Amino acid sequence: MSAYDEHFSQAHVPGPGESSIPELEVDETIPPRPEEEVADVARAEPDVADHGRHPAPGGRSGEQSIVRMWRGVIRTEDRDDYVEYVERTGIEEYRAIPGNQDAWTLTRELPDGLTEILTVSRWDSWESIRGFAGEDIDRAVYYPEDDRFLVERDDAVRHYVQRS
């Protein structure tokens, strides 16, 4: 049995006041990798920002758009009916909300008779998105007939800040 096996074959139960997290041995002869040094600097100051709410998209209003994307999968045989349904529900509702800049429905054929569908919309602010999605803007919005069509769905949407 090697020294490594001997060291790790016996479970160590921490005593009172002893940390349950073992200390790592540091080999001072090996310089830290650059990303480790960056991580050490980043950890030196704790991140106390409230990440529960999305920030305003930087600077003056109108400088940047926010892109909202949702994904689902349907049977290819239902593609035309579902796209028409999405256009008359979600896309139409997107476009009716003040602050919506535009919206699209995208499809992509997958193997095994399935089609991926994306809805993509651009907004002028996080508040505009809340006007559509409610307070939890990261949660997908569904309509009554969605269950009939969707074989797979993302319950969370993604938001991106458009930079150019």
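Scroll up a little and you will see the structure.
Residues numbered from 1 in each chain as written. Predicted model: local features only at pLDDT ≥ 70, side-chain atom pairs only at ≥ 80, totals over all residues. Heavy atoms only, no water.

**Re the pairing of strand S1 (residues 65-75)**
Here comes step 1: Counting buried positions over the eleven residues of S1 gives nine, a clear majority of the element.
Here comes step 2: Sheet topology places S1 next to strand S5 (residues 158-162); five bridges connect them, and they run antiparallel. Among the inter-strand pairings, arginine 68 is bridged to a residue of S5, identified as histidine 159.
Here comes step 3: Sheet analysis places S1 next to strand S3 (residues 114-123), joined by ten bridges and oriented antiparallel. Bridging from a neighbouring strand, isoleucine 66 pairs with tryptophan 123 of S3.
Here comes step 4: As defined by bridge partners, S1 adjoins strand S4 (residues 150-153) across three bridges and the pair is classed as antiparallel. Paired with isoleucine 74 across the two strands is leucine 150, which belongs to S4. (Buried < 20%, exposed > 50% of the residue type's maximum accessible area, 1.4 Å probe, protein only. Helix = DSSP H or I, 4+ residues; strand = E, 2+ residues; numbered from the N terminus. Pairing = 2+ DSSP bridges.)

**Focus on the pattern of salt bridges**
Here comes step 1: Taken as a whole and assessed by the stated rule, the structure comprises 15 salt bridges.
Here comes step 2: A salt bridge links arginine 130 to glutamate 127; the shortest N-O distance between them is 2.8 Å. You can see arginine 130 and its partner glutamate 127 sitting in helix H4 (residues 126-133), three residues apart, about one turn around the helix.
Here comes step 3: One salt bridge in this structure joins aspartate 147 and arginine 153, with 2.4 Å as the shortest N-O distance.
Here comes step 4: A relative accessible area of 57% means that aspartate 147 is categorised as exposed.
Here comes step 5: When its relative accessible area of 28% is taken as the criterion, arginine 153 is described as partly exposed.
Here comes step 6: What you see here is one network of salt bridges that share partners, running through Arg71, Arg108, Glu116, Glu152, Asp154 and Arg158. (Salt bridge = Lys/Arg side-chain N within 4 Å of Asp/Glu carboxyl O.)

**Thoughts on the environment of threonine 107**
Here comes step 1: Structurally, the position occupied by threonine 107 is in strand S2 (residues 100-110).
Here comes step 2: Overall, the relative accessible area of 40% leaves threonine 107 in the partly exposed class.
Here comes step 3: Setting aside its immediate chain neighbours within four residues, threonine 107 contacts Arg79, Val83, Thr115, Glu116 and Ile117. (Contact = heavy atoms within 4.5 Å.)

**Describing the nonpolar core**
For soluble globular proteins, the rule of thumb is that nonpolar side chains tend to be buried together.
Here comes step 1: If you look at the biggest cluster of nonpolar residues, it comprises 22 residues, and the most contacted ones within it are Trp70, Tyr82, Tyr94, Trp123, Ile129 and Phe132.
Here comes step 2: Elements that contribute at least two residues to this core include exactly S1, helix H3 (79-96), S3 and H4.
Here comes step 3: Ranked by residues supplied to this core, first place goes to H3 with five residues.
Here comes step 4: If near-sequence neighbours (up to four positions away) are discounted, tyrosine 94 is found in contact with Arg68, Asn100, Ala103, Thr119, Ser121, Trp123 and Phe132. (Core = buried A, V, L, I, M, F, W, Y, C linked by side-chain atoms within 4.5 Å.)

**A few points about the side chain of serine 65**
Here comes step 1: Along the chain, the position of serine 65 falls in strand S1.
Here comes step 2: Polar side-chain contacts of serine 65 include one of 2.6 Å to the side chain of glutamine 101.
Here comes step 3: For serine 65, the residues in contact, after removing those within four places along its chain, are Gln101, Arg122, Trp123, Tyr160, Val161 and Gln162. (Polar contact = N/O pair within 3.5 Å; in protein donor to acceptor, adjacent residues only side chain to side chain.)

**Description of the environment of arginine 71**
Here comes step 1: On the secondary structure map, arginine 71 appears in strand S1.
Here comes step 2: For the pair formed by arginine 71 and leucine 118, sequence separation is 47 residues and the distance between their alpha carbons is 4.6 Å.
Here comes step 3: With near-sequence residues (within four places) excluded, arginine 71 lies in contact with Glu116, Ile117, Leu118, Glu152, Arg153 and Asp154.

That's the geometry; what it means functionally is another story.
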